[in-house]
Amino acid sequence: MRKLLSLKHWSHVFRKVFRLLGSTRVPLREKLLFLVPVLLYWVLPDVLPFMPIDDIAVTMLAANWFADRIGKKYLEPQKKD
């Protein structure tokens, strides 16, 4: 929980997300898997006001998921047996 409240953690996550979105090693479909739901959620709460989670909270959770999942898949060196 302490990690989720840390500004240092979130600055690292968002720097990693921007690096991944700009990387040529990450396929477009992987980038869209992050961008499309986040952008839709930014628009849909205006149409569906009963959604209880704030836009920025959803964006932060999706960014954290994207940075962890895609970072491990494309940025970390592949182990060869």
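This is a predicted model, so every value here is computed, not measured. (Residues numbered from 1 in each chain as written. Predicted model: local features only at pLDDT ≥ 70, side-chain atom pairs only at ≥ 80, totals over all residues. Heavy atoms only, no water.)

Q: Help me out: how do you make sense of the pattern of salt bridges in this one?
A: Here the idea is simple: oppositely charged side chains can pair when their charged atoms come close. Inspection of the entire model under this criterion finds two salt bridges. The partner of E30 in a salt bridge is R69, with the nearest N and O atoms 2.9 Å apart. Remark: R69 occurs in helix α3 (residues 55-75) and E30 occurs in helix α2 (residues 28-47); sequence separation between them is 39 residues. A relative accessible area of 31% places R69 in the partly exposed class. With a shortest N-O distance of 3.0 Å, E30 and K73 are connected by a salt bridge. (Salt bridge = Lys/Arg side-chain N within 4 Å of Asp/Glu carboxyl O. Helix = DSSP H or I, 4+ residues; strand = E, 2+ residues; numbered from the N terminus. Buried < 20%, exposed > 50% of the residue type's maximum accessible area, 1.4 Å probe, protein only.)

Q: Please explain the packing of helix α1 (residues 7-22) against α3 as it appears in this structure.
A: Helix packing for two helices is described by the angle between their axes and how far apart those axes are. Direction vectors running N to C along α1 and α3 enclose 60°, while the axes themselves pass 9 Å from each other. When the interaxial angle is binned, α1 and α3 end up oblique. In the crossing of α1 with α3, the sense of the turn from one axis to the other is left-handed. On α3, the residues that touch H9, W10, V13, F14, K16, V17, R19, L20 and L21 of α1 are M60, A63, N64, F66, A67, I70, G71 and L75. (Axes fitted to C-alpha atoms, helices over the stretch in contact; angles between N-to-C directions. Parallel < 35°, antiparallel > 145°, perpendicular 65-115°, else oblique. Left-handed = near helix turned anticlockwise from the far one by under 90°. Contact = heavy atoms within 4.5 Å.)

Q: Sorry, what's going on with the packing of aromatic side chains here?
A: Each aromatic ring pair is characterised by the separation of its centres together with the angle its planes make. The final tally for this structure, using the stated rule, is two aromatic pairs. Ring geometry for W10 and F14: centres 6.3 Å apart, planes at 40°, overall tilted. Here the residue W10 and the residue F14 both occupy positions in helix α1, the gap between them amounting to four residues, near one helical turn. With relative accessibility at 8%, the residue W10 sits in the buried group. We classify F14 as partly exposed; its relative accessible area is 26%. Relative to F66, the ring of F34 has its centre 4.8 Å away and its plane inclined at 25°; by these criteria the two rings are stacked. Of this pair, F34 sits in helix α2 while F66 is found in helix α3, placing the two residues 32 residues apart along the sequence. (Phe/Tyr/Trp six-rings, centres within 6.5 Å; stacked < 30°, edge-to-face > 60°.)

Q: Sorry, what's going on with the side chain of E30 here?
A: Assessed through its relative accessible area of 4%, E30 is described here as buried. Within polar-contact distance, the side chain of E30 engages the side chain of R69 at 2.9 Å. When residues no more than four places from it in sequence are discounted, the contact partners of E30 are F66, R69, I70, K73 and Y74. (Polar contact = N/O pair within 3.5 Å; in protein donor to acceptor, adjacent residues only side chain to side chain.)

Taken by themselves, the reported measurements are silent on function.
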